[in-house]
Each structure stands twice: as structure tokens, then as C-alpha cells.
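Each chain, written out:
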Amino acid sequence: MSARSPATVIPLPQPVLLPIEGSSDVFPVRRVYCVGRNYADHAIEMGHDPSREPPFFFQKNADNLLPPGKPFPYPSLSTDVHYEAECVIVLKSGGGNIPLSSALDCIYGYGVGIDFTRRDLQAEAKKLGRPWEVAKAFEYSAPVSAIVPASRLGHPEAGRIWLDHNGKRVQDGDLKQMIWKMPEIIAELSKLFVLAPGDVIMTGTPAGVGAVEKGDRVECGIDGIATLAVTVA
């Protein structure tokens, strides 16, 4: 007689699943990593030297992701929430100390997302030398589009990344402007963490970030990859 699996003392958390463009299949999320100041013009905009210093990373939680088609609820304890359009990478494999030459082999697909940030709380954390989680890892702070498999579009090295705020173009950059390219991001990140299938990486934002208010509409996209529209509720 086989042993019975132990029962959980509380219900299991619901898995976080992202849609796949053109498919009924879904992508299960494990972790979410973000790259800070990865476009030179945004680094300057935020008051930093855009030279090619080692990349730095922070994390959001898997359940911070907001699938497409749902409104973004304006968060509490902030009056200065900013949008940041980003290219999103999702991984089908991983490991530690991944060689640069094989980093792209880990990628399942791509999408576009928004890193919503409680900028006032981030500024306070920076001033006090504290972590950024309260500014970055709050509920539904990362709307993400459907994922497009790399098997369909390849591995883009360039592509216009943009964001419209209430119909006005406010962010307008190109993936080729990233300081750390996608293979480098994966290789460097894998030195710090053991990456695995289901990991999501948000790769940084170009200049033009700004604040949203309730009732605003934000649309963003990466030409040739995906688009995303979000209403602030």
C-alpha cells in the first residue's frame, strides 16, 4: 500500500499563468527578476551615470504579474505611481553560471510589460538606503502581454519599444539601446541566482517615465513582438 501524500494545512496558492499568443497553452511563472537602469537615457533621467557598470537586479513576486485584459488598481500609500515599459523574457530552461554563448537557448519567448513603481516610496527607500520592494513588488505592479514564442519570432536584437499615456507618446526607444543585452542579462543573473524554467525577466525601460492617475489609459508595445493596453482603476 503506497503512502498517502501529506495534506496541506491551507489551500495551495493558485499558480500564476501567462497566456501564449495564438495558443490555448499557458506559461507557468516561477520567479520575476528585473534589471535596473538598463537604458542610458533612462539612467540619466533618474540622475545616474549611464556608463556600463555591472548590471543590478531586483525582484517582483510572481503574483505581482497582471495578465492582459485586466485593469491596474492604483496602489495604496502612494501619490506618485510611474509607468515603465519593458521587454519581457520568459525562460524554458536555466541553471547557474550560464555561458554567454548558450544564454539565448534558455529563452522560451518574449512579451511587453509595464513595471509600475511607487516612485515616492522608492525615493524614500533610496534616501534611507533601504530595499525597493515596497516600491516595486506590490499587487499587480507588472502588467504583462501574452507571450510570443521565440520559435516563432527568433531572438530580437532591435525593435522599437514605446508607451502612450492617454494617447500621447511618452516613451520611444529601441531594444538595441539596452546597455546589457539579453544574453548578457541571463548570463550575469545566473551568477547570482540559479535560473529555472518559468522565470520571467523584465529588461529595463527607456526614458520618458511618468506618473499615472486613476482613469488613465496606458498602451505600450514592442514592434514585431507584442502590445499591451492597461486602464488605471
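About the thresholds
Residues numbered from 1 in each chain as written. Predicted model: local features only at pLDDT ≥ 70, side-chain atom pairs only at ≥ 80, totals over all residues. Heavy atoms only, no water. Salt bridge = Lys/Arg side-chain N within 4 Å of Asp/Glu carboxyl O. Helix = DSSP H or I, 4+ residues; strand = E, 2+ residues; numbered from the N terminus. Buried < 20%, exposed > 50% of the residue type's maximum accessible area, 1.4 Å probe, protein only. Pairing = 2+ DSSP bridges. Core = buried A, V, L, I, M, F, W, Y, C linked by side-chain atoms within 4.5 Å. Contact = heavy atoms within 4.5 Å.

Caption draft 1: A look at the pattern of salt bridges. The tally for this structure, following the rule as stated, stands at 9 salt bridges. In this structure, the salt-bridge partner of Lys136 is Glu84, at a minimum N-O distance of 3.6 Å. A residue pair is termed long-range when its members are at least 10 positions apart, and Lys136 in helix H3 (residues 133-136) and Glu84 in the loop between strand E6 (81-83) and strand E7 (85-91) qualify at 52 residues. According to the relative accessible area criterion, Lys136 is buried, its value standing at 3%. Given a relative accessible area of 4%, Glu84 falls into the buried group. Arg169 serves as the salt-bridge partner of Asp164, at 2.3 Å between the closest nitrogen and oxygen.

Caption draft 2: Seen up close, the pairing of strand E8 (residues 107-114). When you tally the buried positions in E8, you get 7 out of 8 residues, the bulk of the element. Where E7 lies against E8, 7 bridges are found, and the strand directions are antiparallel. Each residue of the ladder has a partner; that of Cys87, found in E8, is Val112. Sheet topology places E8 next to strand E11 (residues 148-149); 2 bridges connect them, and they run antiparallel. Residue pairing across strands places Tyr110 opposite Val148, the latter belonging to E11.

Caption draft 3: Up close: the nonpolar core. Judged by nonpolar contacts, the single largest core of 44 residues is most densely connected at Ile114 and Ile201. Put simply, the parts of the chain that give this core at least two residues each are strand E3 (32-36), E6, E7, E8, strand E12 (160-165), helix H5 (182-192), strand E16 (217-222) and strand E17 (226-231). Excluding anything up to four places from it in sequence, Ile114 contacts Tyr83, Glu84, Ser141, Ala142, Pro143, Leu163, Met202, Val218, Cys220, Leu228 and Val230. By size, the runner-up hydrophobic cluster in this structure holds 19 residues, among which are Ile20, Cys34, Val88 and Ala142.

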